Amino acid sequence: MKSTPARGMGMGRADEPTFDPTTLTTAQRDGEACAVCRKKWPRPRHRVGRLPDSSGVFACDDCAPALPAPRAKRAPRETATNAGAPAARPVPAGATVSG
Ligand SMILES: [Zn+2]
């Protein structure tokens, strides 16, 4: 088993997303199964990315639109937690009920 040097997510020549082959089944690596839902039939036709060895990764009709388009320019956008500020509720400072 070859050890691929971990050089980060370097987009080499193609601007396709590179899939991690360890997360795919053999059928998915061979392009015989959808890379998302692992469905083998109908055979996935949409190339959605590539493997480090430049093999194609495919997705079925259902899953392909859900994946990021290979040619799309993705702007790194931070999704800040915009769920509103936590309601700081002042705790009543202890009722002075001392007998
Ligand atoms: Zn699928």
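Here is a short report on the structure shown in this document. (Residues numbered from 1 in each chain as written. Predicted model: local features only at pLDDT ≥ 70, side-chain atom pairs only at ≥ 80, totals over all residues.)

Some thoughts on the overall build of the chain
Along its length, the chain carries one helix and two strands. Each of the 99 residues in the chain was classed as buried or not, and the buried ones make up 10%. Counting contacts in the chain only where the partners sit at least 6 residues apart, residues at least 24 apart contribute 40% of the total. (Helix = DSSP H or I, 4+ residues; strand = E, 2+ residues; numbered from the N terminus. Buried ≥ 20, exposed ≤ 12 C-beta atoms within 10 Å, placed from the backbone. Contact = placed C-beta atoms within 7 Å.)

Remarks on the environment of Cys63
As for its placement among the helices and strands, Cys63 is situated in the segment after β2 (56-59). Beyond its immediate chain neighbours, meaning those up to four positions away, Cys63 contacts Cys34, Val36 and Cys37.

Regarding the pairing of β2
Here four bridges tie strand β1 (residues 46-50) to β2, and the two strands are oriented antiparallel to one another. Among the inter-strand pairings, Arg50 is bridged to a residue of β2, identified as Gly56. Where β1 folds back onto β2 in an antiparallel hairpin, the turn is made up of five residues, including Ser54, whose phi is positive at roughly 70°. (Pairing = 2+ DSSP bridges.)

Comments concerning the nonpolar core
With eight residues, the main nonpolar core is built from Ala33, Cys34, Ala35, Val48, Val57, Phe58, Ala59 and Cys60. At three residues, the largest contribution of residues to this core is made by β2. (Core = buried A, V, L, I, M, F, W, Y, C linked by C-beta atoms within 7 Å.)

Some points on the environment of Thr18
Following the sequence through the fold, Thr18 ends up in the segment before α1 (26-29). Apart from residues no more than four positions distant in its own chain, Thr18 is found in contact with Gly49, Arg50, Leu51 and Pro52.

Description of unusual backbone geometry
Cis geometry marks the peptide bond from Trp41 to Pro42, where omega comes out at -5°. Here Pro42 lies in the loop between α1 and β1. With a phi angle near 65°, Arg38 is a residue other than glycine that sits in the positive phi range. Of note, Arg38 is situated in the loop between α1 and β1. Here Arg38 falls in the partly exposed class, since 15 other C-beta atoms lie within 10 Å of it. A positive phi angle, close to 70°, is found at Ser54, a residue other than glycine. Relative to the helices and strands, Ser54 is located in the loop between β1 and β2.

Note that all results are geometric; they support no functional claim without further evidence.
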